[in-house]
Amino acid sequence: NRVWSEMNWGWAELQEQADALLIMHYVAPLRHAFGEAAIGWTPALLEGMYAQWLEKLGMDKSLQLVQRSPEDHGRMLTFELRKAPERFSGPGRSQLADHKK
């Protein structure tokens, strides 16, 4: 929060849940800084910053940070850190094609 305060970019609160950590960021001046037309993509800026900070702190590679829908007309953004869904580990298309031969 010291970083956000020095930049006048709001503040964050953390909330621990059973299967995730929530980061709620309040009153980030995204509209003021980037304009109304950019509000669709600017929350990704905060998501990227939080992801970088967590990575620098040694975040486990199996975790993923994603943005939830904005609440309170964009005055609060919520990011969720949780175990990433497992990817399909079955045979790829090329392996299936080879198998049919």
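Residues numbered from 1 in each chain as written. Predicted model: local features only at pLDDT ≥ 70, side-chain atom pairs only at ≥ 80, totals over all residues. Heavy atoms only, no water.

Student: Requested: an account of the sheet that holds strand S4 (residues 76-83), with residues and values cited.
Tutor: With antiparallel pairing, the four strands of this open sheet are ordered in space as S1-S2-S4-S3. The sheet is open, and its two borders are formed by strand S1 (11-16) and strand S3 (63-67), each paired with just one other strand. Each strand of the sheet is rotated relative to its neighbour by a mean of 20°, with strand direction disregarded. For S3 and S4, the ladder comprises five bridges, and the chain directions are antiparallel. The residue bridging glutamine 67 from the neighbouring strand is phenylalanine 79, located in S4. Docked against the sheet, helix H3 (residues 43-56) engages S1, strand S2 (21-26), S3 and S4, running at close to 160° with respect to S3. (Pairing = 2+ DSSP bridges. Helix = DSSP H or I, 4+ residues; strand = E, 2+ residues; numbered from the N terminus. Axes fitted to C-alpha atoms, helices over the stretch in contact; angles between N-to-C directions. Contact = heavy atoms within 4.5 Å.)

Student: Requested: an account of the pairing of S4, with residues and values cited.
Tutor: With respect to burial, S4 is a largely interior element, six of its eight residues being buried. Bridging between S2 and S4 involves six bridges; their strand directions are antiparallel. Bridging across to S4, tyrosine 26 finds its partner in methionine 76. (Buried < 20%, exposed > 50% of the residue type's maximum accessible area, 1.4 Å probe, protein only.)

Student: Please set out the packing of aromatic side chains residue by residue, giving values where relevant.
Tutor: Within the structure shown, the criterion is met by eight aromatic pairs. Centre to centre, the rings of tryptophan 9 and phenylalanine 34 are 6.4 Å apart; their planes meet at 75°, and the pair counts as edge-to-face. Separated by 25 residues along the polypeptide, tryptophan 9 in the loop between helix H1 (2-7) and S1 and phenylalanine 34 in helix H2 (residues 30-34) bring together distant segments of the chain. When its relative accessible area of 36% is taken as the criterion, phenylalanine 34 is described as partly exposed. Considering the side-chain rings of tyrosine 50 and phenylalanine 79, the 5.7 Å spacing of their centres and the 50° angle between planes classify their relative orientation as tilted. You can see tyrosine 50 sitting in helix H3 and its partner phenylalanine 79 sitting in strand S4, a full 29 residues away along the chain. (Phe/Tyr/Trp six-rings, centres within 6.5 Å; stacked < 30°, edge-to-face > 60°.)

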